[in-house]
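Each chain, letter by letter, is given below.
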Amino acid sequence: MDSPRGRIDLMKGLSDCVLLLDATVGAHFDRCLGCMACVTSCPSGVRYDVLIEAQRAKLEVGAPRAPLDRAFRELIFALFPYPNRLKALAVPLVVYAKSGLQQLVRRSGLLARLPPRLAQLETLTPNMQIGDLRAPLPEFTRAHVPHARGRVALVAGCVQRTFFPNVNAATIRVLAAEGYDVLVPPGQGCCGALSLHSGRLEEAKRFGRALINRFSREQVDAILINAAGCGSTLKEYGELFADEPALCEPAQAFAAKVRDINEFLAAIEPTAKRHPIAKRVAYHDACHLAHAQRIRAQPRALLCGIPQLELLEIPDGDMCCGSAGTYNLFEPEAAREIGVRKVDNVVSVKPDLLASANPGCTLQIQSILRQRGATLPAAHPIEILDASIAGRSLDSR
């Protein structure tokens, strides 16, 4: 019952009223990563992605959950889809890390005594600087050429803009260097990806409506995103709002313009000079980029266009790292087991750097590396490309 086929059988049983949605049945759906690898591999083209999202929406409404489980879920969704709340939390997290308290807690063995979900929240804490939290994104950046090739808008994300602000900054620099005017519409919030993938349908639609309305005021050639999980949701807006006549057409128009940053840059003729980066780089296929969006070749092509960079393929590279949106928060034991397998495969190729196009994946892999006492720098492909165009060391970004 923990296979895609088994879960589809459970869905049918629930639909035919021969099964009750009890805690046992619900647990089989909760244990699904939502990585969509089954969609890629299914010879019959079954849209398991649509089925599991619809089932999770029913689960969120009708599944029996323990009070602590439900409270923890409410805590996560009261925090992560709200960039301002995340930024407010990030300040004490930086103090916690820089004061030495974090190292003391981790060495003390205290985390092993905490409930697994709370311990997981601590272990996923990224390495941040106060300066990063203060740096705002410019609302408009002019192309670094006399005549712009086009005008694009950037979706800043939630976790991305808070925990990995340099990814957005690098995205803007690369686009400007390649001849594009870049807009970052102010006041934009969450895209709804985390909510949608966890069955919180109305919440996801609320976020989506606000984002569509905000971006509809801008005249742009493309809407760009640099987080894999967010990108797959943005491209589904046409389906998400198909039953809302007033929003159906704007949602379809929005979705038609959405491009992952790797997808967009790989489709244009590069004009900015690439400088050498002599590093061995292991590229990690984020599930919602490789399986949900079918974007595999593009980030590899961008990285291979950098002189002296050696691109390494990770064994079983298309298998999930265990992050899967909020999966590693709600199912930490299973997520760690999956993540350990991923980390073993990553380190087996002896890279100097890990390239990952999704913030959740980066947090998950780095967390497991830290727990092992190992280090491996990680960067989004756009950060690597940015360093190459600028002729700058990756260590100084």
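Up top is the structure these notes are about.
Undergrad: What should I look at first to understand the pattern of salt bridges in this one?
TA: A side chain of one charge can pair with a side chain of the opposite charge if their charged atoms are brought near each other. Counted according to the given criterion, the structure contains 26 salt bridges. One salt bridge in this structure joins Asp2 and Arg7, with 3.7 Å as the shortest N-O distance. For Arg7, a relative accessible area of 5% corresponds to the buried category. Its salt-bridge partner being Asp243, residue Lys205 comes within 3.3 Å of it at the nearest N-O pair. Placement of Lys205 in helix α13 (residues 201-215) and of Asp243 in the loop between α15 (237-240) and α16 (245-257) is noted, with a sequence separation of 38 residues between them. Assessed through its relative accessible area of 5%, Lys205 is described here as buried.

Undergrad: Mind showing me how you'd approach the environment of Pro186 here?
TA: Along the chain, Pro186 falls in the loop between β3 (180-183) and α12 (193-197). The exposure class of Pro186 is partly exposed, given its relative accessible area of 35%. Remark: the alpha-carbon pair of Pro186 and Arg149, spanning 37 residues in sequence, is separated by 23 Å.

Undergrad: Even after reading the chapter, I still don't get the sheet that holds strand β8 (residues 353-356), so can you show me in this structure?
TA: Spatially, 4 strands are ordered β7-β6-β8-β9 in an open sheet, and the strand pairing comes out parallel. With partners counted over all chains shown, the strands left at the sheet margins are β7 (310-313) and β9 (378-379), one partner each. The pairing of strand β6 (residues 280-284) with β8 spans 4 bridges and is classified as parallel. Note on β8: the bridge partner recorded for Val281 is Leu353. This element, helix α19 (residues 297-304), spans β6, β7 and β8 of the sheet and lies at about 150 degrees to β7. Against the sheet, helix α22 (residues 359-371) touches β6, β8 and β9, its axis set at about 150 degrees to β8.

Undergrad: How do you make sense of the sheet that holds β3 when you look at a structure like this?
TA: Pairing between the strands of a sheet comes from backbone hydrogen bonds, and it takes one of two forms, parallel or antiparallel. Taken in spatial order, the 5 strands of this open sheet run β1-β3-β2-β4-β5, and their pairing is mixed. Whereas interior strands pair on both sides, the edge strands pair on one side only; in this sheet they are β1 (140-141) and β5 (258-260). With 4 bridges connecting them, strand β2 (residues 150-154) and β3 associate as parallel partners. Each residue of the ladder has a partner; that of Gly150, found in β3, is Tyr180. Along the sheet, helix α11 (residues 165-177) contacts β1, β2, β3 and β4 (222-225); its crossing angle with β3, the most-contacted strand, is approximately 150 degrees.

Undergrad: Teacher, can you tell me more about the side chain of Ser367 here?
TA: With respect to the element layout, Ser367 can be found in helix α22. Other than its neighbours up to four places away in sequence, Ser367 contacts Thr123 and Leu124.

Undergrad: When you look at the packing of aromatic side chains in this model, what are you seeing that I'm missing?
TA: Aromatic ring pairs: the centre-centre distance and the angle between the two ring planes describe each pair. All told, the structure shown has 7 aromatic pairs when counted by the stated rule. Seen from their ring centres, Tyr237 and Phe241 are 5.8 Å apart, and the 80 degrees between their planes marks the pair as edge-to-face. Taking relative accessible area as the criterion, Tyr237 reaches 0% and is therefore assigned buried. Judged by relative accessible area, Phe241 falls into the buried class, the value being 0%. Put simply, the rings of Phe215, Tyr237, Phe241 and Phe254 pair up and form one aromatic cluster. Directly above the aromatic system of Tyr82 lies the positively charged group of Arg85, at a separation of 3.8 Å from the ring centroid.

Undergrad: Hey, could you run me through the nonpolar core in this one?
TA: Soluble globular proteins tend to bury their nonpolar side chains together. Among the nonpolar cores identified, the biggest contains 75 residues, and Phe163, Leu175, Leu265 and Ile384 are the most heavily contacted of them. No other element matches α11, which puts 6 residues into this core. Residues within four places of Phe163 in sequence aside, it is in contact with Phe80, Leu86, Ala90, Pro126, Met128 and Leu363. Counting residues in each nonpolar core, the second largest holds 24 residues, with Ala153, Leu183, Tyr237 and Ala251 among its members.

Undergrad: Any chance you could explain unusual backbone geometry here in plain terms?
TA: Most peptide bonds take the trans configuration, and most residues that are not glycine carry a negative phi. For Met36, which is not glycine, the phi dihedral falls at a positive 65 degrees. Within the element layout of this structure, Met36 appears in the loop between α2 (23-30) and α3 (37-41). Positive phi, normally seen in glycine, also occurs at Arg294, with a value near 60 degrees. By secondary structure assignment, the location of Arg294 is in the loop between α18 (287-290) and α19.

Undergrad: Before we go on, may I ask you to explain the side chain of Asp49 in this structure?
TA: Inspection of the secondary structure puts Asp49 in helix α4 (residues 48-62). On the basis of relative accessible area, Asp49 is assigned to the buried category, the value being 14%. For Asp49, the side chain forms a polar contact with the side chain of Arg47, separated by 2.9 Å. If we ignore the near neighbours within four places in the chain, the residues touching Asp49 are Met36 and Val39.

The rules behind these values
- Residues numbered from 1 in each chain as written.
- Predicted model: local features only at pLDDT ≥ 70, side-chain atom pairs only at ≥ 80, totals over all residues.
- Heavy atoms only, no water.
- Salt bridge = Lys/Arg side-chain N within 4 Å of Asp/Glu carboxyl O.
- Buried < 20%, exposed > 50% of the residue type's maximum accessible area, 1.4 Å probe, protein only.
- Helix = DSSP H or I, 4+ residues; strand = E, 2+ residues; numbered from the N terminus.
- Pairing = 2+ DSSP bridges.
- Contact = heavy atoms within 4.5 Å.
- Axes fitted to C-alpha atoms, helices over the stretch in contact; angles between N-to-C directions.
- Phe/Tyr/Trp six-rings, centres within 6.5 Å; stacked < 30°, edge-to-face > 60°.
- Lys NZ or Arg CZ within 6 Å of the ring centre and 35° of its normal.
- Core = buried A, V, L, I, M, F, W, Y, C linked by side-chain atoms within 4.5 Å.
- Polar contact = N/O pair within 3.5 Å; in protein donor to acceptor, adjacent residues only side chain to side chain.

Limitation: the analysis is restricted to geometry and does not speak to function.
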